[in-house]
Amino acid sequence: MEINKPHDAFFKGMLSKKENAKSFLENYLPADILPLINLEKLEIEKDSFVTKELQNYFSDLLYKVEIEEKDVYIYMLFEHKSYSEKWISLQLLEYMLQIWKLKKEQKKPLPIIIPIVVYHGEECWSPEKKLSSILEYTNKKLARYVPDFEYILNNVSSQKDEEIKGTESLKAMLFLLKYVRTPKLLENLGMILKLLKDCPKDYLVMATIYIFHTTEMPLNTFVDLVNKSMSQNEGD
């Protein structure tokens, strides 16, 4: 099976599952925002706003939730380059504008959009999280003319293992994103596969396809790890 955009396929495949989407939001939304959101109303939208030219570098998902019985959208952008993107806030603004234009065309009220960036690159994330940080001005009197928002950053690469939380399948996804570009993948792959042992088989299929399209892992090495990790007696 040939996968043209393995990062995109893995990200969307895993986080289009409602249980994983809900678990991600429960564990990675800010503590002061999470209680406001009714995640029982979570819906996964079909729309994508990343242009074809950028689909090798970014993937996106749009979730609809409710706050105080009003629709609120959570826009998740997955940055799968190996380095941070200076203009990420500008890209987010462009995609948020597309969402608002779509709602306008549908004759719906313009909703609040909470942007989230997921990053697993090799370089440290350096951009500021506010749109205003990329605008050049120093006089505070001009602040009233400055459009602004702040995005939530989930930097998987810099997270400690104990900070990775969620359902077993979500943790497996995040650990795989964390280690897939590093020499530590092999020593952590057994742990990742164990997390998937009791999950629906399509999760293991997605992880397998992702690994073989993004690494040069020998087939026999992977098969041995799968057999050990999936063994009912493993760890006894």
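A brief structural summary. For every chain, the first residue of its written sequence is number 1, and the numbers climb from 1 along that sequence. Per-residue local features are limited, in this predicted model, to residues with pLDDT of at least 70; the limit for side-chain atom pairs, both in listing and counting, is 80 or more; totals at the level of whole chains, interfaces and linings are taken over all residues. No hydrogens and no water enter the side-chain calculation; it runs on all heavy atoms of the structure.

Helix and strand assignments follow DSSP, with helices taken as H or I runs no shorter than four residues and strands as E runs no shorter than two, numbered in order from the N terminus. For the protein, the count of helices and strands is seven helices and five strands. Written out in order from the N terminus, the α and β elements of the protein read α-α-β-β-β-α-β-β-α-α-α-α. We compute the radius of gyration over the C-alpha atoms and compare it with the globule rule, which gives 2.2 Å times the number of residues raised to the power 0.38. In terms of overall size, the protein behaves like a compact globule, its C-alpha atoms giving a radius of gyration of 19 Å where 236 residues would be expected to give roughly 18 Å. Each residue's exposure class comes from its accessible area (1.4 Å probe, protein chains only) as a fraction of the maximum for that residue type: buried when under 20%, exposed when over 50%, partly exposed otherwise. A buried classification covers 46% of the 236 residues belonging to the protein. What makes two residues a contact is simply this: any of their non-hydrogen atoms within 4.5 Å. In the protein, of all internal contacts separated by at least 6 residues, the share reaching a separation of at least 24 is 65%. Note that accessible areas follow from Shrake-Rupley with a 1.4 Å probe, and for residues the cover is restricted to the protein chains shown. Approximately 13300 Å² of the protein is accessible, and the part contributed by carbon and sulfur atoms is 51%. The sign given to each residue is positive for Lys and Arg and negative for Asp and Glu; His and the chain ends receive no count. Where a charge lies is defined by one atom per residue type, namely NZ (Lys), CZ (Arg), CG (Asp) and CD (Glu). Counting 32 positive and 36 negative side-chain charges, the protein places the averaged centre of each group 4 Å from the other.

The end-to-end C-alpha distance of helix H7 (residues 219-230), which contains 12 residues, comes to 16 Å, matching closely the 16 Å that a straight helix rising 1.5 Å per residue would cover. Where H7 is concerned, the buried positions are Phe222, Leu225, Val226, Ser229 and Met230. One face of H7 carries all of its buried residues, which in axial projection span an arc of 115°. Opposite the buried face of H7, by more than 90 degrees, sit the exposed residues Asn220, Asn227 and Lys228. To estimate the expected span of a helix, subtract one from its residue number and multiply by 1.5 Å. Think of the arc as the fan of directions from the helix axis to the C-beta atoms.

Moving on to the packing of helix H1 (residues 6-15) against helix H4 (residues 168-179). Between H1 and H4, whose axes approach to 10 Å, the crossing angle comes to 160°. In terms of orientation, H1 and H4 fall into the roughly antiparallel class. Read as a crossing pair, H1 and H4 show a hand that is left-handed. Two secondary-structure elements touch here, H1 through Phe10, Phe11, Met14 and Leu15 and H4 through Ser169, Leu170, Met173, Leu176 and Leu177. Here the residues of the contact of H1 with H4 sort into eight nonpolar, one polar and no charged. Fitted lines through C-alpha atoms serve as axes, helices being fitted only where they are in contact, and the angles separating the N-to-C directions of these axes extend from 0 to 180 degrees. Roughly parallel here means an angle under 35 degrees, roughly antiparallel means over 145, roughly perpendicular means 65 to 115, and every remaining angle is called oblique. Put simply, a crossing is left-handed when the front helix is turned counterclockwise from the back one by less than a right angle, and right-handed when it is turned clockwise. Classification convention: Asp, Glu, Lys, Arg as charged; Ala, Val, Leu, Ile, Met, Phe, Trp, Tyr, Cys, Pro as nonpolar; all other residues, Gly among them, as polar.

By definition here, a salt bridge exists when the distance from a side-chain nitrogen of Lys or Arg to a carboxyl oxygen of Asp or Glu is within 4 Å. Scanning all chains against the criterion turns up eight salt bridges. A salt bridge links Lys12 to Asp8, with the shortest nitrogen-to-oxygen separation between them at 3.6 Å. Taken together, the residues span about one helical turn, with Lys12 and Asp8 both in helix H1 at a distance of four residues. When the shortest N-O distance is used, the salt bridge between Lys171 and Glu168 registers 3.1 Å. Taken together, the residues span about one helical turn, with Lys171 and Glu168 both in helix H4 at a distance of three residues. For Glu168, a relative accessible area of 37% gives the class partly exposed. In this structure, a network of salt bridges that share partners links the residues Glu43, Lys64 and Asp71.

Right, let's talk about the pairing of strand S4 (residues 112-119) for a bit. On a regular strand, each side chain points to the face opposite its neighbour's, so the side chains alternate between the two faces of the sheet. With seven of its eight residues buried, S4 lies for the most part within the structure. When strand S3 (residues 70-79) meets S4, the two strands line up parallel, connected through eight bridges. Looking across to S4, one finds that Tyr73 is bridged to Ile113. Paired strands, as defined in this entry, are two strands with at least two bridges between them according to DSSP. The sheet contact formed by S4 and strand S5 (residues 152-155) spans four bridges and is parallel.

Looking now at the environment of Ile113. With respect to the secondary-structure elements, Ile113 resides in strand S4. Between the C-alpha atom of Ile113 and that of Lys194, which follows or precedes it by 81 residues, the distance is 36 Å.

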